[in-house]
Amino acid sequence: MDDATRAAQLLHLRHQNGVPGDPVTAPLIATSTFYLPGDPLAGVPYYGRPTNPTWEALEAALAHLEGAECVTFPSGMAAIAAVLFVLAGKGGTVLLPSDGYYATRRLAAGHLARFGVSVIERPTRTLADDGFDGIAAVFLETPSNPGLDLCDIAAIAQAAHAAGARVVVDNTTMTPLLQRPLDLGADAVVAADTKAPGGHSDALMGHVASRDAALIAALRDWRTLSGSIPGPFEAWLTLRGLETLELRLARMCATAAALAARLQGHPKLRALCYPGLPGHPDHALAARQMAAPGFLIGLTLESRDAAERFITGCPLILPATSFGSVHTSAERRTRWGDAVADGFVRLSVGIEPEKALIPAILQALDAA
Ligand SMILES: *Cc1c(COP(=O)(O)O)cnc(C)c1O
């Protein structure tokens, strides 16, 4: 199925077997328990921890986009924790990107390691260089957050599988509309739907997608027993956000590309990072692996103060952490200890009209 058909069909999923009087939207079902006289019946909901009809509606929409079964979790980290704990065997080794999302590394080092799992880290760009012998699970993120480095998902999946390792891709910076790790050979995708899929900064959500039925069953079991379950309202908000994902991404990526082109050579920038620019070290891979170069831009200003002046000096930039929402936002990543320059700013381009946004950003940069 092509991307356009996938996005179009998403908006009609619910009415395929409709009967007159069906609500057009998914019902928001807030219940902890279900009517159940007598013995439990297979496939009939009985309690709110194993299942909820509103999550199931979100999972159906995500499964349509991913082309794979999905299990939702109450945040991106809950999804990552589930897949790491399910895949990492006792005494096994997990490989993580040293420049990826910091909470994943902290979770592994602080909690997986306590159960005898060895955690090793390598930079995204050279993740495959030392091979995958003895590794149980390879976890990767491309483009990485926040440095926007890339790695070749198909090549890594092939080499990792040959060495007997499973491959998990954190696809948060891309979403299934911009990059399709499962089609490239990954065993599972994890994502923070808190970001672009929800898209309105009003809910946290995460999911794991996989075509491996045994892994999906293990993840559902983990969710039920660990109690790491999404709230029905957050699932409902995320489902509503998903309906405009394609539209928002198209605007965000087009504006980001136009802005990146205008930022090239700007005297206030020490470095500019956007995978869509020919100067990005992984530009060719980006063109091959991603449907569009995304909506995140890395800007390095001369100092921490200049970066702060830029962020707070632009009325169309929200100073906030996170990314992928309707509003353009930015933050200096060293405030969380990321291994980047002090003046490094991660800018997440939102849906503001380009005609207003680009001049406002250029003006703030000139004055920074
Ligand atoms: C935000 C983020 C997460 C964590 O998602 P939460 O919903 O905040 O738990 C994981 N990976 C990446 C790449 C992220 O950007």
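Preceding block: the structure.
Quick caveat, the model's predicted, so the values are computed rather than measured.

What counts, and at which threshold
- Residues numbered from 1 in each chain as written.
- Predicted model: local features only at pLDDT ≥ 70, side-chain atom pairs only at ≥ 80, totals over all residues.
- Heavy atoms only, no water.
- Near = heavy atom within 4 Å.
- Polar contact = N/O pair within 3.5 Å; in protein donor to acceptor, adjacent residues only side chain to side chain.
- Areas by Shrake-Rupley, 256 points an atom, 1.4 Å probe, with all protein chains shown as cover.
- Helix = DSSP H or I, 4+ residues; strand = E, 2+ residues; numbered from the N terminus.
- Nonpolar A, V, L, I, M, F, W, Y, C, P; charged D, E, K, R; others polar.
- Phe/Tyr/Trp six-rings, centres within 6.5 Å; stacked < 30°, edge-to-face > 60°.
- Buried < 20%, exposed > 50% of the residue type's maximum accessible area, 1.4 Å probe, protein only.
- Core = buried A, V, L, I, M, F, W, Y, C linked by side-chain atoms within 4.5 Å.
- Contact = heavy atoms within 4.5 Å.
- Pairing = 2+ DSSP bridges.
- Axes fitted to C-alpha atoms, helices over the stretch in contact; angles between N-to-C directions.
- Left-handed = near helix turned anticlockwise from the far one by under 90°.

> Any details on the site of the ligand? Residues and values, ideally.
Taken together, 14 residues surround the ligand, and among them Gly76, Met77, Asp170, Thr194 and Lys195 come closest. Asn145 is positioned with one of its side-chain polar atoms (N or O) 3.1 Å from an oxygen atom of the ligand. With the chains in place, 94% of the 380 Å² that the ligand exposes on its own is no longer accessible. Residue contributions to the shell around the ligand peak at 3 residues, all from helix 3 (residues 76-87). Classifying every residue of the shell around the ligand gives 6 nonpolar, 5 polar and 3 charged.

> Tell me about the packing of aromatic side chains, residues and numbers included.
On inspection of all chains with the given rule, the structure shows 5 aromatic pairs. Note on Phe85 and Trp222: the rings are 5.5 Å apart at their centroids and 20° apart in plane angle, and the pair reads as stacked. Of this pair, Phe85 sits in helix 3 while Trp222 is found in helix 6 (residues 213-226), placing the two residues 137 residues apart along the sequence. We classify Trp222 as partly exposed; its relative accessible area is 28%. Where Phe295 meets Phe323, the ring centres are 6.3 Å apart and the plane angle is 45°; that geometry is what we call tilted.

> So, the nonpolar core: which residues are in play, and what are the values?
Formed by 35 residues in total, the largest nonpolar core has its most connected members in Leu58, Leu242, Leu245, Leu249 and Phe295. If you list the elements that add at least two residues to this core, you get helix 2 (53-66), helix 7 (232-242), helix 8 (245-263) and helix 9 (283-289). Here this core takes 6 residues from helix 2, the largest share from any one element. Filtering out sequence-adjacent residues up to four positions away, Leu58 remains in contact with Thr72, Met205, Ala235, Thr238, Leu239 and Leu242. Judged by nonpolar contacts, the second largest core, of 28 residues, contains Leu299, Cys314, Ile361 and Leu365.

> Could you give an account of the sheet that holds strand 6 (residues 188-192), with specific residues and numbers?
With respect to topology, 7 strands assemble into an open sheet ordered 1-7-6-5-4-2-3, the strand pairing being mixed. Two strands bound the open sheet, and with one partner strand each, they are strand 1 (69-73) and strand 3 (118-122). Across the sheet, the axes of successive neighbouring strands diverge by a mean angle of 20°, strand direction being ignored. Relative to strand 6, strand 5 (residues 166-170) runs parallel, the two being bridged by 3 bridges. Note on strand 6: the bridge partner recorded for Asp170 is Val190.

> Break down the side chain of Ser75 for me, with residues and values.
Relative to the helices and strands, Ser75 resides in the loop between strand 1 and helix 3. Exposure remark for Ser75: the relative accessible area of 18% places this residue in the buried category. Of note is the side chain of Ser75, whose polar atom sits 3.0 Å from the backbone nitrogen of Ala78.

> Before we move on, can you summarise the packing of helix 10 (residues 304-313) against helix 11 (residues 354-367) with the specific residues and values?
Closest axis-to-axis distance for the helix 10/helix 11 pair is 8 Å, and the angle between their directions is 145°. The two elements helix 10 and helix 11 cross, and the hand of that crossing is right-handed. Between helix 10 and helix 11, the contacting residues are Arg309, Phe310 and Gly313 on the first element and Ile361, Ala364, Leu365 and Ala367 on the second. Among the residues making up the contact of helix 10 with helix 11, the classes are represented as 5 nonpolar, 1 polar and 1 charged.

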